[in-house]
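Notes for the structure review
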Amino acid sequence: MSDNPKWLNNAVFYEIYPQSFMDTDCDGVGNINGITEKLDYIKDLGCNAIWLNPCFESPFGDAGYDVSDYCRVAARYGTNDDLINLFNEAHRRDMHVILDLVPGHTSWEHPWFKESMKAERNQFTDRYVWTDSIWEEPTGYGSLRGISDRDGSCAVNFFTHQPALNYGFYKPTRPWQQSVDSQGAIATREAMKDVMKFWLSRGCDGFRVDMAGSLVKNDEDSKGTITLWQNMTDFVRKEFPEAVLVSEWGEPDKSLQGGFHMDFLLHFGPSHYNDLFRCENPYFDGKGTAADFVEKYIDSYEKSERKGLICIPTGNHDMDRLARHIHGDNKKLAFAFLLTMPGAPYIYYGDEIGMNYVEGLTSVEGGYGRTGSRSPMQWDNSINAGFSAAPSEKLYIPIDPSEDRPTVQSQLNDKNSLRSEVKKLISIRQAHKALQSKGEIEFITKGEEGKPLSYIRKTEGEQILISVNPTDKPCEFKIDSRVKEVIYSLGDGAVIKEGSIVIRECSAVFAIL
Ligand code: NOJ
């Protein structure tokens, strides 16, 4: 999509898991007004956009990814007016807010699903993917069976309580499989457009779209899903040209064709993202290799017409905290990389202070192993780390119990802290267009084992070399252009020679060419 909303060009996102960010009504769960209260903190860090995880009515069997009313803020987070106030307060600060759209499934408590379980035909009979006999299950999907008067099994998308909405089958092979242009599939698509319209017309700036690549069934090459998204993104582009759509898809060559502005590199799928941050020997912890990641990145970049809108998050609510695998100052090197790549960067709340994965927690709201990455934000050393004035046993998830847990307060005025480094890196990104979302990228060294990762970011009239070396050995590599000015150096930095650069161990350097 070439006509990007302009604000995306220099957007730096901050992902907020609303349960755990700031609780202003003392019930132990974060809320929307808590986020509004902390907007200045986020802005001070340098982030100018927010991705808010689902905050809608839900039985919370999957932390809100099981929606029971798409158009109502869950009471525990506040009201629709609180959310609209958040949009307004963000806009007043030149910031944007995108919501989380979950179009693939609802909660089994959604009124649509309750209607669709009925034996008599009604408006919602075809809203979900049902077989026509309880004795047949939808091949390839989990299913709900024996819970309705309706004779049939209903496909589920993720957990058992998340029935799959019906967008049709690309190649129907059974009588109950509806085509992508059947009335039922089209009605679902239009209903989802209504949801988007509801929030976009109230000031929301776009959506992160959950499991965007999985809507049409039996769609091996994603052709049906791409066409479906072309229809939905066309609608948004026409009616809300400033709105942004970011897909959780993980295959940018497909999602950008579907009309998404950006796609995420994910911890699953073919991206090799995990090689960098979350595996036995992550590259940024100084041991492994980034070479497969670079190869795959270049492949996606070329296939998506060098649009450069592939987002690499620091982490998210589904994966281990960055700090679980990347130790000490290597986290700063990871951020030096993340904040100089094309596409909008996404910082998961608390990663800017190096919050830890909290080990050994019992699952909360379908979090399971993800629960340790969802603990409350650590603001200061007061009770409950400043997150909530509720009794500690009422907190949504316990606070990280470690004595040396990082806090915002302890890092704010320490110029050597991770937070200060992140703030500095964002301000460098904001000062140089070449480093922002759409600047081109060309790799110079590919981060093979023991080697740095180096690349040039380019835009008209500006070229910036970035070299990040998380390994414990210095490394010399050739460059064709002359270095004009070093604009950032971390660790021992680099020695600049005629035609080459020696990047020191555990160091990073950015230089204008
Ligand atoms: C991806 C979301 O990020 C995750 O948290 C959720 O559980 C699944 N999709 C299902 O919606």
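Fair warning: this is a prediction, and the values are worked out from it, not measured in the lab.

Considering the nonpolar core
A general feature of soluble globular proteins is that nonpolar side chains tend to end up buried together. Membership of the largest hydrophobic core comes to 145 residues, with the highest contact counts inside it found for Phe 13, Tyr 14, Trp 199, Phe 284 and Phe 337. Apart from residues no more than four positions distant in its own chain, Phe 13 is found in contact with Trp 7, Leu 8, Cys 47, Ala 49, Ile 50, Trp 51, Ile 98, Met 262, Ala 344, Pro 345, Tyr 346 and Ile 347. Of all hydrophobic cores here, the second largest spans eleven residues; its members include Cys 475, Phe 477, Val 483 and Ile 501.

Observations regarding the domain arrangement of the protein
By a frequent convention, interface size equals the accessible area lost on bringing the separate parts together. Once the domains are mapped, the protein shows domain 1 (6-103 + 186-429), domain 2 (105-164) and domain 3 (440-512). The centre of domain 1, based on its C-alpha atoms, is set 30 Å off from the matching centre of domain 2. At the junction of the two partners, domain 1 supplies 23 residues and domain 2 supplies 16 residues. In this assembly, domain 1 packs against domain 2 so that about 1500 Å² is buried in total across both faces, 58% of it on carbon and sulfur atoms. Linking domain 1 with domain 2 are zero salt bridges, by the criterion used here. In this assembly, domain 1 and domain 2 are joined by seven residue pairs in polar contact (both at pLDDT 80 or more). When residues of the side of domain 1 that touches domain 2 are assigned to their parent elements, the largest contribution, four residues, is made by helix α5 (residues 183-200). Split into classes, the residues belonging to the side of domain 1 that touches domain 2 amount to eleven nonpolar, six polar and six charged.

Regarding the site of the ligand
Surrounding the ligand, one finds Asp 62, Tyr 65, His 105, Phe 158, Arg 208, Asp 210, Met 211, Glu 248, His 317, Asp 318, Arg 370 and Arg 374. At 2.7 Å from an oxygen atom of the ligand is found a side-chain nitrogen or oxygen belonging to Asp 62. Residue Asp 318 places a side-chain N or O atom 2.4 Å away from an oxygen atom belonging to the ligand. For the shell around the ligand, the residue count by class is three nonpolar, two polar and seven charged.

Concerning helix α12 (residues 418-431)
Compared with an ideal rise of 1.5 Å per residue, which puts 14 residues at 20 Å, α12 spans 20 Å between its outermost C-alpha atoms and is within 8% of the ideal. Taken residue by residue, α12 has Leu 418, Arg 419, Ser 420, Glu 421, Val 422, Leu 425, Ile 426, Ile 428 and Arg 429 as its buried positions.

So, the environment of Gly 491
Mapped onto the elements of the fold, Gly 491 is located in the loop between β17 (485-490) and β18 (494-497). Once residues lying within four places of it in the same chain are set aside, the contact partners of Gly 491 are Cys 506 and Ser 507.

Overview of the pattern of salt bridges
Throughout the structure, instances matching the rule amount to 32 salt bridges. Across the pair Asp 69 and Arg 72 runs a salt bridge, and its minimum N-O distance is 3.6 Å. Owing to a relative accessible area of 26%, Asp 69 belongs among the partly exposed residues under this scheme. The network of salt bridges with shared partners includes Asp 40, Glu 89, Arg 92 and Arg 93.

Parameters and conventions
- Residues numbered from 1 in each chain as written.
- Predicted model: local features only at pLDDT ≥ 70, side-chain atom pairs only at ≥ 80, totals over all residues.
- Heavy atoms only, no water.
- Core = buried A, V, L, I, M, F, W, Y, C linked by side-chain atoms within 4.5 Å.
- Buried < 20%, exposed > 50% of the residue type's maximum accessible area, 1.4 Å probe, protein only.
- Contact = heavy atoms within 4.5 Å.
- Domains from an automatic or database assignment.
- Buried area = accessible area lost by both parts, 1.4 Å probe.
- Salt bridge = Lys/Arg side-chain N within 4 Å of Asp/Glu carboxyl O.
- Polar contact = N/O pair within 3.5 Å; in protein donor to acceptor, adjacent residues only side chain to side chain.
- Helix = DSSP H or I, 4+ residues; strand = E, 2+ residues; numbered from the N terminus.
- Nonpolar A, V, L, I, M, F, W, Y, C, P; charged D, E, K, R; others polar.
- Near = heavy atom within 4 Å.
- Expected span 1.5 Å × (residues − 1).

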